[in-house]
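For reference, the chains in residue letters:
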Amino acid sequence: MSAAPEPKVYGWCPGALRPMMSGDGLVVRVRAPLGKLSVTQARGVARLSQEFGNGLLDISARANLQMRGIREDGHAELIEALRDLGLIDPDARAEARRNVLLAPFWATGDDTHAIATDLSAALTAAADLTLPGKFGFAVDCGAAPVLQDTAADIRVERIGEALILRADGSETGLPVTRESAVAEALALARWFLKQGGAPEGRGRMRRLIARRGPPAAYAATMATTSFTAKPGAVPAGTLAALEFGQMPAATLADLADHGAIRLTPWRALLVEGAASLPPLPGLILDATDPRLQVIACTGAPGCLQALSSTRDLARDLAPHVPAGTKLHISGCAKGCACPGAAALTLTATAQDDFSLIRHGTAADQPLKTHLSADALRAAPELLTEGS
Ligand code: SF4
């Protein structure tokens with residue numbers, strides 16, 4: 001039997017102005033300013049998703065909203081409508097540069113909100129700064145960091161009363177203030193480029209730091225911590241998880257009746273000021289729902305590279321995943337939905353043909369091969385037996 005084809009690596013992320021073709025049409029990624037959709041914007045995006053696309057919306061691991069199934073001949077008109085909603089950058093390069101993720105529990109005027117606002121404006125204006133497509137900033141200045149498990153290259157975090165600027169991959173950083181954080185963050189981005197962090201336009205901070213360490217002045221120690229988001233009440237409103245990070249556009253429109261929407265990197269939305277939310281298609285409101293333990297990429301037919309479908313199997317296997325264990329189902333070895341290791345991974349190697357990997361990524365050496373979806377449904381213990 002021939003080996004599964006090597007997945008294609010693009011090295012850049014789709015935006016609204018630079019969409020990517022997928023199996024179900026264009027993917028148009030909306031980078032909402034400060035990761036927030038006002039009620040009007042949320043209703044507008046929901047309507048446009050139905051008008052120009054297939055009515056499905058994804059939330060990405062960088063808290064962007066992806067409109068799926070957009071018709072190529074409708075893209076220009078869609079962009080103008082999104083521009084009218086205040087959701088489009090001046091040009092594609094500014095859109096790519098303004099890659100700022102902020103901890104979703106911010107309050108207006110606090111350090112996270114103020115620094116993310118200023119950093120977004122500074123990046124939009126920094127026309128001479130050409131960073132790799134996936135290079136991003138995390139502004140995470142709440143009482144304790146919540147974004148350390150989320151990919152970012154430059155981080156602003158808090159230790160007690162102090163703010164620390166940190167290069168991803170380093171345990172030490174530079175003490176900054178609310179006033180100095182943005183200039184220092186841009187200086188660190190320029191240092192990354194000067195040090196050769198992006199040969200041929202690609203590269204990540206973590207790789208550079210592993211090679212040569214942070215700048216000498218970055219000596220303040222920052223403790224690392226892990227954060228798991230759970231559906232339910234949070235200080236700024238209510239958090240609702242999305243099944244596999246996707247929802248129908250009608251759900252977004254209905255959620256907007258309850259408040260403005262903050263996008264999070266945890267396949268979840270925060271509805272500002274909402275004390276509770278009604279059950280709506282695609283939402284997970286119960287923190288014990290087994291689907292929260294399963295990660296599944298788009299798979300077939302939505303992704304051109306997918307070798308098999310993923311989400312129906314994920315739904316069926318979810319109740320059988322042991323508590324506290326993550327199952328990742330990937331339509332190919334690229335592992336988009338979970339780039340890191342998971343306790344259990346099923347990687348499609350052909351149509352309805354999966355390999356099982358334990359404690360690894362979708363591309364790692366499998367423990368078992370040639371498992372069909374029906375065999376797994378009939379005997380979910382195949383996932384864990386022998387472990
Ligand atoms: S991992 Fe999934 S979404 Fe990513 S390229 Fe492969 S099939 Fe497509």
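Residues numbered from 1 in each chain as written. Predicted model: local features only at pLDDT ≥ 70, side-chain atom pairs only at ≥ 80, totals over all residues. Heavy atoms only, no water.

## Details of the overall build of the protein chain
Part 1: Counting its secondary structure elements, the protein chain contains nine helices and 22 strands.
Part 2: Its C-alpha atoms give the protein chain a radius of gyration of 21 Å, near enough to 21 Å, the size a compact globule of 387 residues would have.
Part 3: Its C-alpha atoms give the protein chain principal-axis dimensions of roughly 60 × 45 × 40 Å.
Part 4: Among the 387 residues that make up the protein chain, the fraction classed as buried is 54%.
Part 5: Carbon and sulfur atoms form 54% of the exposed surface of the protein chain, whose accessible area is close to 16,500 Å². (Helix = DSSP H or I, 4+ residues; strand = E, 2+ residues; numbered from the N terminus. Rg over C-alpha atoms; globule rule 2.2 N^0.38 Å. Buried < 20%, exposed > 50% of the residue type's maximum accessible area, 1.4 Å probe, protein only. Areas by Shrake-Rupley, 256 points an atom, 1.4 Å probe, with all protein chains shown as cover.)

## What about the packing of aromatic side chains?
Part 1: In the structure shown here, the tally under the stated rule is five aromatic pairs.
Part 2: With centroids separated by 5.8 Å and ring planes inclined at 70°, the aromatic side chains of F135 and F137 adopt a geometry described as edge-to-face.
Part 3: Looking at F135, the relative accessible area reads 1%, which means it is buried.
Part 4: Of the residues examined, F137 reaches a relative accessible area of 1% and is grouped as buried.
Part 5: Clustering of aromatic rings is evident, with ring pairs tying together F105, F227 and W266.
Part 6: Directly above the ring of W106 sits R262, whose terminal nitrogen or CZ lies 3.5 Å from the centroid. (Phe/Tyr/Trp six-rings, centres within 6.5 Å; stacked < 30°, edge-to-face > 60°. Lys NZ or Arg CZ within 6 Å of the ring centre and 35° of its normal.)

## Focus on the environment of R202
Part 1: With respect to the helices and strands, R202 occurs in the loop between helix 5 (181-194) and helix 6 (205-212).
Part 2: When its relative accessible area of 43% is taken as the criterion, R202 is described as partly exposed.
Part 3: Sequence separation between R202 and F135 is 67 residues, and the spatial gap between their C-alpha atoms is 8.9 Å.

## Overview of the pattern of salt bridges
Where side chains of opposite charge bring their charged atoms close, a pairing between them can arise.
Part 1: Applying the stated criterion across every chain yields a total of 23 salt bridges.
Part 2: Between D58 and R68 there is a salt bridge, with the nearest N and O atoms lying 3.0 Å from each other. Pair noted here: D58 is in strand 4 (residues 56-59) and R68 is in strand 5 (residues 65-70), with a separation of 10 residues, a long-range link. Neither D58 nor R68 differs from the other in exposure class; each is buried.
Part 3: For the salt bridge of E80 with R83, the shortest nitrogen-to-oxygen distance reads 3.5 Å. On the criterion of helical spacing, the pair formed by E80 and R83 is a turn pair, its members being three residues apart in helix 2 (residues 75-84).
Part 4: Owing to a relative accessible area of 42%, E80 belongs among the partly exposed residues under this scheme.
Part 5: The exposure class assigned to R83 is partly exposed, which follows from its relative accessible area of 35%. (Salt bridge = Lys/Arg side-chain N within 4 Å of Asp/Glu carboxyl O.)

## Some points on the sheet that holds strand 1 (residues 20-22)
Part 1: Spatially, the five strands line up as an open sheet ordered 1-2-5-4-14, and their pairing is antiparallel. Among the strands making up the open sheet, the edge pair consists of strand 1 and strand 14 (246-248). Across this sheet, the average inter-strand angle for adjacent strands is 30°, counted without regard to direction.
Part 2: Strand direction decides the pairing type here: strand 2 (residues 25-30) and strand 5, joined by four bridges, are antiparallel. Paired with V28 across the bridge in strand 5 is M67. (Pairing = 2+ DSSP bridges. Axes fitted to C-alpha atoms, helices over the stretch in contact; angles between N-to-C directions.)

## Focus on the packing of helix 1 (residues 39-52) against helix 7 (residues 249-256)
Part 1: Contact pair helix 1 / helix 7: the axes reach a minimum separation of 8 Å and the direction vectors enclose 160°. Classified by the angle their axes make, helix 1 and helix 7 are roughly antiparallel. Like other packed secondary-structure pairs, helix 1 and helix 7 cross with a definite hand, here left-handed. For the pair helix 1 and helix 7, contact is made by V39, A42, R43, V45, A46, S49 and Q50 and by A249, A250, L252, A253 and A256, respectively.
Part 2: Residue composition of the contact of helix 1 with helix 7, grouped by class: nine nonpolar, two polar and one charged. (Parallel < 35°, antiparallel > 145°, perpendicular 65-115°, else oblique. Left-handed = near helix turned anticlockwise from the far one by under 90°. Contact = heavy atoms within 4.5 Å. Nonpolar A, V, L, I, M, F, W, Y, C, P; charged D, E, K, R; others polar.)

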